Amino acid sequence: MDADPAAPLVTRSDDDRIAVLTLDSPANRNALSRRFVAELAAHLQAVAHDDALHGVLLRSSHRVFCAGADLKEAATVDMTRTARDLVALQRRIATLAVPVVVRLDGPVRAGGLGIVAAADVVVCRDDVSFALTEVRLGLAAAAISIPLRHRLTQRAASDWFLTGRTFTAAEAREGGLVTHVVEEAGMDAAVGTVLDDLRGGTRQGLVAAKRLLGSDLVASFDADGESMARRSGELFASPLAQERMAAALRR
């Protein structure tokens with residue numbers, strides 16, 4: 001059966017002071033379309049007004065966490081605006097009062113790494129793979145570079161940004177992208193432990209600690225977000241990138 005075009009792409013459920021936001025766009029592997037980004041941003045905005053929460057869990061309903069940019073949409077829209085929305089989404093994660101935990105049960109590509117990097121704690125299956133594939137399309141990871149440059153070691157950033165190669169969960173942990181790497185059978189318990197630890201804290205303490213830890217990242221969003229969005233839009237609009245993206249869609 002075809003997906004219902006009116007069905008939400010992001011859903012929310014609550015579990016004892018934790019808001020669980022589930023990415024649910026399997027048709028395009030949770031690609032960062034404007035609608036998808038807007039729905040996730042709207043849920044985070046609602047979460048921001050919920051003073052009962054101690055944390056947020058981001059997860060996918062299916063095997064892929066995020067495939068990166070929606071290349072079909074990128075061929076028809078102003079990608080500077082799309083990049084601005086993505087920068088704003090990452091900033092919203094970073095400025096949310098309570099910690100954001102990401103659960104990774106499947107691969108992450110390109111722009112999806114920005115969501116991972118903006119979060120506070122990342123629990124990752126040991127068979128998950130990552131890649132910053134932008135360079136192979138004539139692009140650069142500009143709109144997501146702000147949180148990535150804060151999280152990654154300089155050597156890891158140079159490797160992954162410049163080669164576009166696929167790297168492993170173990171490499172992601174060593175490079176600073178993820179927090180915990182766990183076998184599939186242990187994922188529920190590992191995520192549960194992180195969430196229980198957040199429940200065990202006071203909201204006041206969690207809010208204060210997150211603000212302290214994230215001040216430099218938020219300042220970077222404010223200083224560089226617009227220039228990175230413009231640069232991303234320029235690259236997406238280039239003839240080379242348009243040609244490479246069209247070829248990728250034909251494959």
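Calculation rules
Residues numbered from 1 in each chain as written. Predicted model: local features only at pLDDT ≥ 70, side-chain atom pairs only at ≥ 80, totals over all residues. Heavy atoms only, no water. Phe/Tyr/Trp six-rings, centres within 6.5 Å; stacked < 30°, edge-to-face > 60°. Buried < 20%, exposed > 50% of the residue type's maximum accessible area, 1.4 Å probe, protein only. Pairing = 2+ DSSP bridges. Helix = DSSP H or I, 4+ residues; strand = E, 2+ residues; numbered from the N terminus. Axes fitted to C-alpha atoms, helices over the stretch in contact; angles between N-to-C directions. Contact = heavy atoms within 4.5 Å. Salt bridge = Lys/Arg side-chain N within 4 Å of Asp/Glu carboxyl O. Expected span 1.5 Å × (residues − 1). Polar contact = N/O pair within 3.5 Å; in protein donor to acceptor, adjacent residues only side chain to side chain.

Chemist: With reference to specific residues and values, describe the packing of aromatic side chains.
Modeler: Tallied over the full model, the rule gives two aromatic pairs. Ring geometry for tryptophan 160 and phenylalanine 167: centres 3.7 Å apart, planes at 0 degrees, overall stacked. Each member of the pair tryptophan 160 and phenylalanine 167 is classed as buried. Taken together, the aromatic side chains of Phe130, Trp160 and Phe167 make up a single cluster linked through ring pairs.

Chemist: Outline the sheet that holds strand β9 (residues 180-182), supporting the account with residue identities and numerical values.
Modeler: Taken in spatial order, the six strands make up an open sheet running β1-β2-β3-β4-β6-β9, and their pairing is mixed. Of all strands in the sheet, those with a lone pairing partner are β1 (10-14) and β9, marking the two edges. Looking at each pair of strands side by side, their axes are set apart by 20 degrees on average, direction ignored. Across four bridges, strand β4 (residues 100-104) lies against strand β6 (residues 121-125) in parallel orientation. Across the sheet, residue leucine 104 finds its bridge partner in β6, namely cysteine 124. Here helix α1 (residues 34-48) sits on the sheet in contact with β1, β2 (18-23) and β3 (55-60), set at roughly 25 degrees to β1.

Chemist: How would you summarise the pairing of β4 if you had to cite specific residues and measurements?
Modeler: Successive side chains on a regular strand alternate, one facing one side of the sheet and the next facing the other. Along β4, five of the five residues are buried, which leaves the element largely enclosed by surrounding structure. Alternating positions in β4 separate into two faces, Val100, Val102 and Leu104 on one and Val101 and Arg103 on the other, with burial throughout. As judged from the three bridges shared by β3 and β4, these two strands associate in the parallel manner. The residue bridging leucine 57 from the neighbouring strand is valine 101, located in β4.

Chemist: Please give an account of the pattern of salt bridges that cites residues and values.
Modeler: Under the counting rule described, the total for this entry stands at 21 salt bridges. Between glutamate 39 and arginine 35 there is a salt bridge, and its shortest N-O distance comes to 2.9 Å. Residue glutamate 39 and its partner arginine 35 are both found in helix α1; the two are separated by four residues, about one turn of the helix. Residue glutamate 39 is classed as buried on the basis of its relative accessible area of 17%. For the salt bridge of glutamate 226 with arginine 84, the shortest nitrogen-to-oxygen distance reads 2.8 Å. Of this pair, glutamate 226 sits in helix α9 (residues 203-237) while arginine 84 is found in helix α3 (residues 79-95), placing the two residues 142 residues apart along the sequence. With relative accessibility at 34%, the residue glutamate 226 sits in the partly exposed group. Relative accessible area serves as the criterion here: at 36%, arginine 84 is assigned to the partly exposed category. The network of salt bridges with shared partners includes Asp15, Asp16, Arg17, Asp196 and Arg199.

Chemist: So what about α3? Which residues, and what values?
Modeler: With 17 residues, α3 extends 24 Å between its outermost C-alpha atoms, agreeing within 8% with the 24 Å of an ideal straight helix rising 1.5 Å per residue. For α3, every residue scored as buried is listed here: Met79, Thr80, Thr82, Ala83, Leu86, Val87, Leu89, Gln90, Ile93 and Ala94. Taking the backbone nitrogen of threonine 80 as reference, a side-chain oxygen 3.0 Å away marks aspartate 78 as the first, capping residue of α3.

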